[in-house]
Amino acid sequence: MGGGTWLMARIGASKVQWGVAASRGGVPAEGAERDAVQEARDGGRTNNRPRRERRSKRIRMTANGPVRLTPTEAQIIEFIERHAGRPCSKAKIALALGRNEKTVDRLLSRMRREGIVLSEPVHAENGAQLANVYTVVDEVWPED
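Residues numbered from 1 in each chain as written. Predicted model: local features only at pLDDT ≥ 70, side-chain atom pairs only at ≥ 80, totals over all residues. Heavy atoms only, no water.

**Concerning the packing of helix α4 (residues 71-82) against helix α6 (residues 101-114)**
Axes are the key here: two packed helices are described by the angle between their axes and the distance separating the axes. The contact between α4 and α6 brings their axes to 10 Å, and the two run at 80°. With respect to α6, the axis of α4 lies roughly perpendicular. In contact with T72, E73, I76, I77 and I80 of α4, α6 contributes V104, L107, L108, R110 and M111. In terms of residue class, the contact of α4 with α6 is made up of 7 nonpolar, 1 polar and 2 charged. (Axes fitted to C-alpha atoms, helices over the stretch in contact; angles between N-to-C directions. Helix = DSSP H or I, 4+ residues; strand = E, 2+ residues; numbered from the N terminus. Parallel < 35°, antiparallel > 145°, perpendicular 65-115°, else oblique. Contact = heavy atoms within 4.5 Å. Nonpolar A, V, L, I, M, F, W, Y, C, P; charged D, E, K, R; others polar.)

Written out as structure tokens, the structure is:
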């Protein structure tokens, strides 16, 4: 590997930049070629156009701003979305995800507090509380 190519690999150049630099003998792209490389990397999207699609499953937009989710919180949200409208206990969620019930309890409490999840208690005819029905709140995007 040439010195310039190795240096670009060392500083973390993208695969597209790597290919262009390697084809040019390790010299970085300039001018129109650089713009073409940038467009290929961005998928043709310009930076001034707002992104409306969900960027990541681990970032949720709420009324208070973006909230970063842990991987387990993202799994809980996926579970709740799959079981929409049906009661599910914390124990059932924990078993399905392979997590401790206390962990699920703590994360659900945080997500309720952040406004990501709503819980509706379900009661039996004799007044005993059964499993809650959890609902994922739609994401709130700020007005442009």
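Read on for the rest.
**Digging into the nonpolar core**
Residues I76, I80, I93, L108, M111, I116 and V117 are the most contacted members of the largest nonpolar core, which totals 18 residues. If sequence neighbours within four positions are ignored, I80 has contacts with L108, V117, Y134, T135 and V136. (Core = buried A, V, L, I, M, F, W, Y, C linked by side-chain atoms within 4.5 Å. Buried < 20%, exposed > 50% of the residue type's maximum accessible area, 1.4 Å probe, protein only.)

**Observations concerning helix α5 (residues 90-97)**
Three or more residues of α5 are buried, namely I93, A94 and L97. Viewed end-on, α5 has its buried residues packed into an arc of 100°, placing them on one side of the element. Of the surrounding elements, those touching the buried residues of α5 are α4, α6 and β4 (133-136). Backbone geometry just after α5 places G98 at a positive phi near 75°. (Arc of directions from axis to C-beta.)

**Observations concerning the pattern of salt bridges**
According to the stated counting rule, one finds 3 salt bridges in the structure shown. R110 is the partner of E73 in a salt bridge, and the nearest nitrogen-oxygen pair spans 2.6 Å. In this pair, E73 is assigned in helix α4 and R110 in helix α6, connecting sequence segments 37 residues apart. Judged by relative accessible area, which is 0%, E73 ranks as buried. In this structure, the salt-bridge partner of K102 is D105, at a minimum N-O distance of 4.0 Å. A residue pair is termed a helical-turn pair when its members lie 3 or 4 positions apart in one helix, as K102 and D105 do in helix α6 at 3 residues. Its relative accessible area of 22% is what places D105 among the partly exposed residues. Connected via shared salt-bridge partners are K90, K102 and D105. (Salt bridge = Lys/Arg side-chain N within 4 Å of Asp/Glu carboxyl O.)

**A short note on the packing of α4 against α5**
Contact geometry of α4 with α5 gives a least axis separation of 11 Å together with a crossing angle of 115°. When the interaxial angle is binned, α4 and α5 end up roughly perpendicular. The hand of the α4/α5 crossing is right-handed. Between α4 and α5, the contacting residues are T72, Q75, I76 and F79 on the first element and K92, I93, A96 and L97 on the second. In terms of residue class, the contact of α4 with α5 is built from 5 nonpolar, 2 polar and 1 charged. (Left-handed = near helix turned anticlockwise from the far one by under 90°.)

**Details of the pairing of strand β1 (residues 59-62)**
Strand direction decides the pairing type here: β1 and strand β2 (residues 65-68), joined by 4 bridges, are antiparallel. Looking across to β2, one finds that R60 is bridged to V67. Taken together, β1 and the strand that follows it, β2, pair antiparallel across an intervening segment of 2 residues. (Pairing = 2+ DSSP bridges.)

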